[in-house]
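As a plain string of letters, each chain reads:
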Amino acid sequence: MKGTSSIDPASLQMLKVARDGGLETAWDRYLAQQPQCGFGELGLCCRNCNMGPCRIDPFGDGPQKGVCGATGDIIVARNLLRMIAAGAAAHSDHGRDIIETLRGVAAGEIKDYTIKDENKLKALAREFGISTEGETVQTIAEKLAEAALEEFGTRKGYLQAIDRVPPKRKEIWEKLGIMPRGIDREVVEAMHRTHFGVDNDPANLILHGLRCSLSDGWGGSLLATEFSDVLFGTPRPVRGRSNLGVLSKEAVNILVHGHEPILSEMLVEAAKDPGLISAARAKGASGINLVGMCCTGNEILMRHGIPVAGNFLQQELAVITGALEAVVVDVQCIMPALGQLAACYHTKFISTSPKAKFPGAIHIPFDEHNALETAREIIRQAIENYPNRDKNRVFIPEEATAYVAGFSVEAILSALGGTLIPLIEAVKNKKIRGIAALVGCNNPKVTQDYNHVNMAKALIARDVLVVETGCAAIASAKAGLLLPEAAELAGAGLAEVCRALGVPPVLHMGSCVDISRILTVAAALARELGVDIADLPVAGSAPEWMSEKAVSIGAYVVASGIFTVLGTVPPVLGSNVVADLLTKQAKDLVGGYFAVETDPFKAAELIIAHIDEKRAALGI
Ligand code: NFS
């Protein structure tokens with residue numbers, strides 16, 4: 001959809017406010033970057049050593065080799081591997097922080113969090129071979145946290161969660177030499193291989209990219225999800241509201257943005273503090289209104305039904321409402337532009353992680369050992385700031401669409417009566433044609449939410465059950481697709497299943513690290529059917545992706561055997577060899593492969609054709 005910034009009416013209203021006020025957003029900066037660097041778009045520039053920077057002429061007239069002799073194929077492959085490594089590192093470092101928090105809780109050093117899901121703790125302990133018989137919860141948690149931290153540098157040769165995948169998948173990874181051997185190890189090796197003068201074989205580089213991404217999907221991300229469930233509770237279906245209309249004209253508005261629920265969970269706790277609520281009232285506010293954004297917003301909406309103010313491209317727009325007393329951030333997907341923008345308003349931009357500092361931010365270090373008090377201090381600062389709000393500059397759009405979220409694997413199983421069999425039956429008798437996972441970011445290259453919403457609608461209309469995470473899920477929340485009533489937009493078969501179970505046709509499964517929940521369901525379905533993941537009528541898509549994390553996600557989904565459609569073009573078109581590997585040869589190697597399709601309706605058709613092909617092969 002050309003020429004429009006967003007399909008979200010709330011975003012469009014805020015963009016008008018921004019324009020009228022002469023305020024710059026990502027959309028403006030994107031335009032200012034046009035035309036974007038052609039070498040970069042194709043992946044053909046290399047800065048990996050100081051003989052460069054080098055670039056390859058895509059038209060064949062200029063240089064075809066870097067100073068070292070690296071061809072376009074080598075450069076594109078190396079750059080892609082570095083993107084995967086950065087994405088895998090981000091997810092996995094998030095995972096490590098959660099596990100370290102659990103370890104601190106178990107050791108009694110961290111007192112403000114408790115273990116919320118003991119059953120899950122024990123189930124995970126059993127998975128790691130830790131005996132739970134007669135042991136205290138504390139001891140189990142301590143042993144489990146130690147075992148999980150070992151996964152980052154394990155020398156046992158594979159990651160524990162690999163045991164969840166069907167035997168055929170393991171064989172494929174072993175045969176190709178891409179079994180992930182340790183979470184940190186694969187990232188380190190990716191950096192080593194892409195250092196000057198090491199791996200210069202495009203296929204070898206890409207195969208390591210798959211291995212590195214698997215250490216994310218079946219390693220770092222999976223542990224982030226599972227340990228968050230243990231600490232903060234496993235999500236259950238919960239209702240809430242979404243979009244900028246969840247901000248309040250009367251209350252102290254605090255937006256929490258970023259990724260790790262360690263921060264957002266404690267803010268949820270602190271915002272309930274009666275003392276702080278009275279303090280807010282004493283300043284003339286009606287109370288405290290904590291809202292989320294992006295993936296940390298997903299974490300607290302999944303577990304508490306906290307309103308979510310929007311997805312990635314709305315972070316600046318939330319500030320422009322003039323109604324935010326504080327934007328509190330930790331790590332990932334936070335625009336450095338927020339500092340300067342917040343300074344145009346009374347809004348305090350508060351950073352909390354030693355890993356992530358921003359220009360124009362007030363830094364309040366968040367220490368898990370003093371979590372509740374730090375969260376209270378952050379909220380106090382927001383309350384103090386309330387009288388500085390200029391009521392004449394406040395504009396809050398009305399949009400605040402209801403959603404139902406919270407579909408963890410456990411919640412799905414419980415909706416199905418305890419086993420996956422009813423889901424398999426529904427797929428077999430074609431009430432459900434297949435399952436598509438739509439995930440990932442917004443990107444100003446795409447009209448905001450246009451691809452997400454149109455793909456989801458096109459798929460459910462053809463009886464494809466859609467599961468979502470991340471900013472894709474928030475797009476669907478805002479569009480009203482996460483409600484059981486949205487079954488009326490679904491095909492007759494899917495609608496019947498949704499009505500029988502009382503669930504929406506689009507299931508919100510969490511944040512981006514929670515794509516591991518989707519992998520877990522896919523693996524369990526394949527095991528139940530005695531087939532490989534690649535044999536299932538399932539597909540993935542990142543319709544508006546922008547981050548390196550999304551590249552790692554795409555790679556591990558494909559490496560797990562699942563066909564994946566990308567809605568924005570990855571920087572690989574400078575190499576036919578690499579493009580061919582990802583979109584064609586991968587199918588023979590790992591079962592999954594990529595397609596790039598920027599039109600959401602055509603992308604949905606690709607997925608449906610793939611699902612039908614898999615159904616035919618299964619004889620259903
Ligand atoms: Ni995931 Fe994209 Fe970020 Fe979440 Fe949103 S931008 S890759 S969806 S918030 S991580």
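Residues numbered from 1 in each chain as written. Predicted model: local features only at pLDDT ≥ 70, side-chain atom pairs only at ≥ 80, totals over all residues. Heavy atoms only, no water.

Turning our eyes to something else, we now look at the packing of aromatic side chains. A ring pair, where both rings are aromatic, is described by two values, the distance of the centres and the angle of the planes. Applying the stated criterion across every chain yields a total of five aromatic pairs. On the numbers, 6.4 Å between centres and 80° between planes, the contact of Tyr450 with Phe601 is edge-to-face. Placement of Tyr450 in helix H18 (residues 450–461) and of Phe601 in helix H24 (residues 600–618) is noted, with a sequence separation of 151 residues between them. Since its relative accessible area comes to 17%, Tyr450 is described here as buried. For Lys156, the ring lying beneath its charged end belongs to Tyr158, and the centroid distance is 5.3 Å. Its end group placed over the ring of Tyr345, Arg393 keeps NZ or CZ at 4.1 Å from the ring centre. (Phe/Tyr/Trp six-rings, centres within 6.5 Å; stacked < 30°, edge-to-face > 60°. Helix = DSSP H or I, 4+ residues; strand = E, 2+ residues; numbered from the N terminus. Buried < 20%, exposed > 50% of the residue type's maximum accessible area, 1.4 Å probe, protein only. Lys NZ or Arg CZ within 6 Å of the ring centre and 35° of its normal.)

Both faces of strand E6 (residues 326–329) are covered, namely the face carrying Ala326 and Val328 and the face carrying Val327 and Val329. As defined by bridge partners, strand E4 (residues 252–257) adjoins E6 across four bridges and the pair is classed as parallel. Counterpart to Val256 in the pairing with E6 is Val328. Summarising the sheet, E6 and strand E7 (residues 348–351) pair through four bridges and their orientation is parallel. Bridge pairing in E7 places Val328 opposite Ile350. (Pairing = 2+ DSSP bridges.)

Looking at where Arg164 falls in the secondary structure, it is placed in the loop between helix H6 (137–150) and helix H7 (167–176). What makes Arg164 buried here is its relative accessible area of 14%. Note: C-alpha distance between Arg164 and Glu127 (37 residues apart in sequence) is 9.2 Å. Other than its neighbours up to four places away in sequence, Arg164 contacts Leu124, Glu127, Trp218, Leu222, Glu226, Thr520, Ala523 and Arg527. (Contact = heavy atoms within 4.5 Å.)

Sheet architecture is open: five strands sit in the order E5-E4-E6-E7-E8, paired in parallel fashion. Of all strands in the sheet, those with a lone pairing partner are strand E5 (288–293) and strand E8 (362–363), marking the two edges. Pairing analysis gives two bridges linking E7 to E8, with the strands arranged parallel. Each bridged residue has a counterpart across the sheet, and for Ile350 the counterpart in E8 is Ile362.

Turning our eyes to something else, we now look at the site of the ligand. Contacts to the ligand come from 13 residues, most closely from Cys295, Cys333, Cys441, Cys471 and Cys512. Here the shell around the ligand is built from residues that sort into eight nonpolar, four polar and one charged. Looking at the shell around the ligand, you find at least three residues from each of domain 3 (244–393) and domain 4 (406–618). (Near = heavy atom within 4 Å. Nonpolar A, V, L, I, M, F, W, Y, C, P; charged D, E, K, R; others polar. Domains from an automatic or database assignment.)

Now for the coordination of the nickel atom of the ligand. Donor atoms from the protein around the nickel atom of the ligand number only one, Cys512 (SG), found at 2.2 Å. Given four donor atoms and angles of 96 to 124° at the metal, the environment of the nickel atom of the ligand is assigned as tetrahedral. As for its position among the elements, Cys512 is in the loop between strand E12 (506–508) and helix H21 (515–529). (Donors = N, O, S within 2.8 Å, 3.2 Å for Na, K, Ca; no water. Tetrahedral: all angles 85-135°; square planar, octahedral: opposite > 155°, others 65-115°.)

Two elements in contact, helix H17 (residues 421–428) and H21, have axes whose closest approach is 11 Å; the angle formed by their N-to-C orientations is 75°. As far as their axial angle goes, H21 and H17 are roughly perpendicular. Contacts from Ile421, Leu423, Ile424 and Lys428 in H17 reach Leu525, Glu528 and Leu529 in H21. (Axes fitted to C-alpha atoms, helices over the stretch in contact; angles between N-to-C directions. Parallel < 35°, antiparallel > 145°, perpendicular 65-115°, else oblique.)

This paragraph deals with the UniProt feature "binding site: [4Fe-4S] cluster 2" (unreviewed entry) in the protein. Feature annotation in UniProt assigns "binding site: [4Fe-4S] cluster 2" (unreviewed entry) to the following positions: Cys46, Cys49, Cys54 and Cys68. For this annotated set, covering 23 residues, all C-alpha atoms fall within 10.7 Å of each other, a compact arrangement in space. Relative to the helices and strands, Cys46 resides in strand E1 (residues 45–46). Not counting residues within four places of it along the chain, the set of residues in contact with Cys46 comprises Pro53, Cys54, Ile75 and Arg78. Within the fold, Cys49 resides in the loop between E1 and strand E2 (54–55). (UniProt positions renumbered as here; feature names shortened; annotations may be inferred.)

This next bit is on the domain arrangement of the protein. Taken as a whole, the protein is organised into domain 1 (9–55), domain 2 (72–232), domain 3 (244–393) and domain 4 (406–618). Centre-to-centre separation of domain 1 and domain 2, based on C-alpha positions: 33 Å. Of the residues lining the interface, eight residues belong to domain 1; the matching set on domain 2 comes to eight residues. Taken together, the two surfaces of domain 1 and domain 2 that pack against each other cover about 630 Å², and 58% of this comes from carbon and sulfur. Taken as a group, Leu44, Cys46 and Asn48 account for 60% of the area that domain 1 buries against domain 2, more than any other trio of residues on that side. The tally of links from domain 1 across to domain 2 stands at zero salt bridges. Counting every contact that joins domain 1 to domain 2 gives three residue pairs in polar contact (both at pLDDT 80 or more). Within the side of domain 1 that touches domain 2, the residues separate by chemical class into six nonpolar, two polar and no charged. (Buried area = accessible area lost by both parts, 1.4 Å probe. Salt bridge = Lys/Arg side-chain N within 4 Å of Asp/Glu carboxyl O. Polar contact = N/O pair within 3.5 Å; in protein donor to acceptor, adjacent residues only side chain to side chain.)

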